[in-house]
Amino acid sequence: AIFTDGRYTLQVAEQVATDLFETRHITDEPPTDWLAENLGAGAKLGFDPRLFTADQVARYRRAAEKAGAALVAVEANPVDAVWEDQPPPPLAPVVAHDLSFAGEAAADKRHRIAEDLRRAGAEAAVITAPDSIAWLLNIRGADVPRTPLALSSLLLRGDGQADFFVDGRKLVAGLEGHLGNEVRVRPEAEFADGLAELAAKTVRVDPASSSAWVFERLADAGAEVVRDVDPCQLPKARKNEVELDGIRAAHRRDGAAVCRFLHWLG
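The following refers to the structure shown.

Conventions we followed
Residues numbered from 1 in each chain as written. Predicted model: local features only at pLDDT ≥ 70, side-chain atom pairs only at ≥ 80, totals over all residues. Heavy atoms only, no water. Core = buried A, V, L, I, M, F, W, Y, C linked by side-chain atoms within 4.5 Å. Buried < 20%, exposed > 50% of the residue type's maximum accessible area, 1.4 Å probe, protein only. Helix = DSSP H or I, 4+ residues; strand = E, 2+ residues; numbered from the N terminus. Contact = heavy atoms within 4.5 Å. Expected span 1.5 Å × (residues − 1). Arc of directions from axis to C-beta. Salt bridge = Lys/Arg side-chain N within 4 Å of Asp/Glu carboxyl O.

1. Details of the nonpolar core
Then step 1. Ranked by size, the top nonpolar core spans 22 residues in total, and within it Leu136, Leu137, Ile139, Leu154, Leu156 and Phe164 carry the most contacts.
Then step 2. If you list the elements that add at least two residues to this core, you get helix H6 (106-119), strand E6 (124-127), helix H7 (130-137), strand E8 (153-157), strand E9 (162-165) and helix H8 (175-179).
Then step 3. In terms of residues, this core owes the most to one element, H7, which gives four residues.
Then step 4. Apart from the residues within four sequence positions on either side, Phe164 is in contact with Ile133, Leu137, Ile139, Ser152, Ser153, Leu154, Leu171, Leu179, Val183, Arg184, Val185 and Arg186.
Then step 5. Among the nonpolar cores identified, the runner-up in size contains 15 residues, and Val126, Phe165, Leu195 and Val214 belong to it.

In structure tokens, the structure reads:
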């Protein structure tokens, strides 16, 4: 079965072999229902723990167990093994988001969030949501089309220091100076090592945004995992005056563009 929302109803019918795949609406006919209906007793369903959040895995595991089946993590994704023309990971430039637009220095944000972590009894946090990392470090990227985000991972420690896991080829000249000496830039390939370094520490991780693989690595390292919301989520939502001015300016530009289009269309 393949699951899509309403945006891809026509596309999935054109691009997927419907004689091999049953097409379903991901909201009206969710994967968990399909698994409960189609997995037989004793069956094993493989999944890539890097591609599913901890919350998603919990839902799928419940569905599998309902059918008397089991969910099994795979070491290597079988799709990668047969995807011969798979494109390389994106290498769009990562640039600084100027203080005149952010309204708060990245160092101040880090130390503010770190203080919240300490107050809650955590010694570190794993942050994997690209928008949270962009907000926290005052950076922007272009790895995702039409979205100013850089694919990366980050470990924030209780003293405000951070390990930023990203392909160094993305960083424009001078960005490390913008990040400051409290942010250590490390290759994305070292993310597992970074998680292992949190052994015996109390670490906050968001099960709704971080992959099951992150939780597995922390458990293997002996870390005490605290399941809680991404610590950047609420502070990021509370816009300062500079950000509010930017939102208003963006809406004015967008409104003018829409008006010009409607005038042309009319």
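2. Digging into H6
Then step 1. With 14 residues, H6 ought to run about 20 Å at 1.5 Å a step, and its terminal C-alpha atoms sit 20 Å apart, in line with that.
Then step 2. Taken residue by residue, H6 has Ala106, Lys109, Arg110, Ile113, Ala114 and Leu117 as its buried positions. What you see down the axis of H6 is that its buried residues fit within an arc of 125 degrees, all on one side.
Then step 3. Count one or two residues on from H6 and you reach Gly121, which has phi positive near 90 degrees.

3. Points about the pattern of salt bridges
Then step 1. Under the definition given, this model contains 20 salt bridges.
Then step 2. Asp143 is the partner of Lys170 in a salt bridge, and the nearest nitrogen-oxygen pair spans 2.5 Å. Here the residue Lys170 occupies a position in the loop between E9 and H8, and Asp143 occupies one in the loop between strand E7 (139-140) and E8, the gap between them amounting to 27 residues. With respect to class, Lys170 is no different from Asp143; both count as buried.

Bear in mind that shape data such as this cannot, by itself, settle questions of function.
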